[in-house]
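This is what each chain is made of:
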Amino acid sequence: MRSILATGCNRGLGLGLIRRLVKEINPPKTIVATCRDIAKAKELGEIAQIHKNVHILELDVQNVDKFSHFSKEVERIVGDNGLNVLFNNAGYSPKSTRINFVKADQLTLTFAVNVAAPILLTKVMLPLLKKASASKSSSPLGSERAAIVNMSSVLGSITLNKDGGLYAYRCSKAALNMATKSMSIDLKNDGILVTAIHPGWVKTDMGGSNAPLTVDESITGILKVLRGLSEEHNGRLVQWDGQYLAW
Ligand SMILES: NC(=O)c1ccc[n+]([C@@H]2O[C@H](COP(=O)([O-])OP(=O)(O)OC[C@H]3O[C@@H](n4cnc5c(N)ncnc54)[C@H](OP(=O)(O)O)[C@@H]3O)[C@@H](O)[C@H]2O)c1
């Protein structure tokens, strides 16, 4: 993996991903980490101070009008090599769960962040992903060539929904799963692999303190999955430990 761009890297799993990537024996040459407010992203800023391969860019994924300009900034950083991995990590989950508490603005916001943003960001990043893929055209599908990872959730699985509720979040991740499947079909001929990952139930602001997994445990598994991505993962929902989940 020569380069990776991940969204939502100021806390939670996104920050954990960057924290671990810089410690790898062969870290990516270029890591682009986004956050909404650089001034508030203290730990991310400290990592970038030490590791010169980390570039921080501000991005609120709801500001889709700025995506085109953002892609130019990424292009300036990754240069002629293009972008190997786009990791759509930023996500939002409203607190209310049951049908009586669903609100229109929650549904709209959750779909904007969890569905519209990853689709539209993927769209503007395609030229850079295609460039990376073309430069490794003899390599098999995988993160060494070009890949899109959409951070999904088991809560978006229709088959595995036994508890109901969580309308905005579940529906948004189910829609993201569908986008993942369509992208995996549309982009296969460009040599770009697309997969959805469930990180497990993880101790973050979103996952809460009762979650069984630490950020580090989840990210360790996710990075193993990322490094081992192959054609069989294309258009699938994969868990942090490599297990496939039903859509
Ligand atoms: N934790 C779990 O158990 C779990 C389980 C399944 C799936 N996931 C998924 O994993 C991903 C990361 O979740 P997490 O647990 O790390 O959650 P988190 O601690 O709540 O962090 C969410 C991240 O997304 C960013 N974000 C939210 N809205 C944004 C926007 N409009 N523009 C840009 N960034 C935005 C946040 O930035 P700000 O700090 O600026 O808000 C933050 O960096 C999400 O997609 C989530 O759905 C998590």
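The rules behind the values
- Residues numbered from 1 in each chain as written.
- Predicted model: local features only at pLDDT ≥ 70, side-chain atom pairs only at ≥ 80, totals over all residues.
- Heavy atoms only, no water.
- Helix = DSSP H or I, 4+ residues; strand = E, 2+ residues; numbered from the N terminus.
- Axes fitted to C-alpha atoms, helices over the stretch in contact; angles between N-to-C directions.
- Left-handed = near helix turned anticlockwise from the far one by under 90°.
- Contact = heavy atoms within 4.5 Å.
- Nonpolar A, V, L, I, M, F, W, Y, C, P; charged D, E, K, R; others polar.
- Near = heavy atom within 4 Å.
- Polar contact = N/O pair within 3.5 Å; in protein donor to acceptor, adjacent residues only side chain to side chain.
- Areas by Shrake-Rupley, 256 points an atom, 1.4 Å probe, with all protein chains shown as cover.
- Buried < 20%, exposed > 50% of the residue type's maximum accessible area, 1.4 Å probe, protein only.
- Right-handed = clockwise from strand over helix to strand, strands pointing away.
- Pairing = 2+ DSSP bridges.

Draft legend 1. The arrangement of unusual backbone geometry in detail. Even without a glycine there, the phi angle at Leu166 is positive, about 50°. Within the element layout of this structure, Leu166 appears in the loop between β5 (147-151) and α5 (167-186).

Draft legend 2. Broad picture of the packing of helix α3 (residues 67-78) against helix α4 (residues 104-135). The contact between α3 and α4 brings their axes to 10 Å, and the two run at 35°. Here α3 and α4 pass one another in a crossing that is right-handed. Here α3 contributes Phe67, Ser68, Phe70, Ser71, Val74, Glu75 and Val78 to the contact with α4, which in turn contributes Ala117, Leu120, Leu121, Val124, Met125, Leu128 and Lys131. In terms of residue class, the contact of α3 with α4 is built from 10 nonpolar, two polar and two charged.

Draft legend 3. Layout of the site of the ligand. Around the ligand sit 28 residues, and of these Asn10, Arg11, Arg36, Tyr169 and Thr204 come closest. Interatomic distance of 2.6 Å between a side-chain N/O atom of Thr204 and an oxygen atom of the ligand. Alone, the ligand offers 890 Å² of accessible surface; in the complex the protein occludes 93% of this. When residues of the shell around the ligand are traced back to their parent elements, those giving at least two are α1 (12-21) and α5.

Draft legend 4. Geometry of the pairing of strand β2 (residues 30-35). Within β2, six of the six residues are buried, leaving the element largely enclosed by the surrounding structure. Because side chains alternate across β2, one face comprises the buried residues Thr30, Val32 and Thr34, and the other comprises Ile31, Ala33 and Cys35, equally buried. The β-α-β motif built from strand β1 (residues 3-6), the intervening α1 and the parallel element β2 has right-handed crossover chirality. The pairing of β2 with strand β3 (residues 54-58) spans five bridges and is parallel. Paired with Val32 across the strands is His55, a residue of β3. Once the chain exits β2 it traverses helix α2 (residues 42-50) before rejoining the sheet at β3, and the crossover so formed is right-handed.

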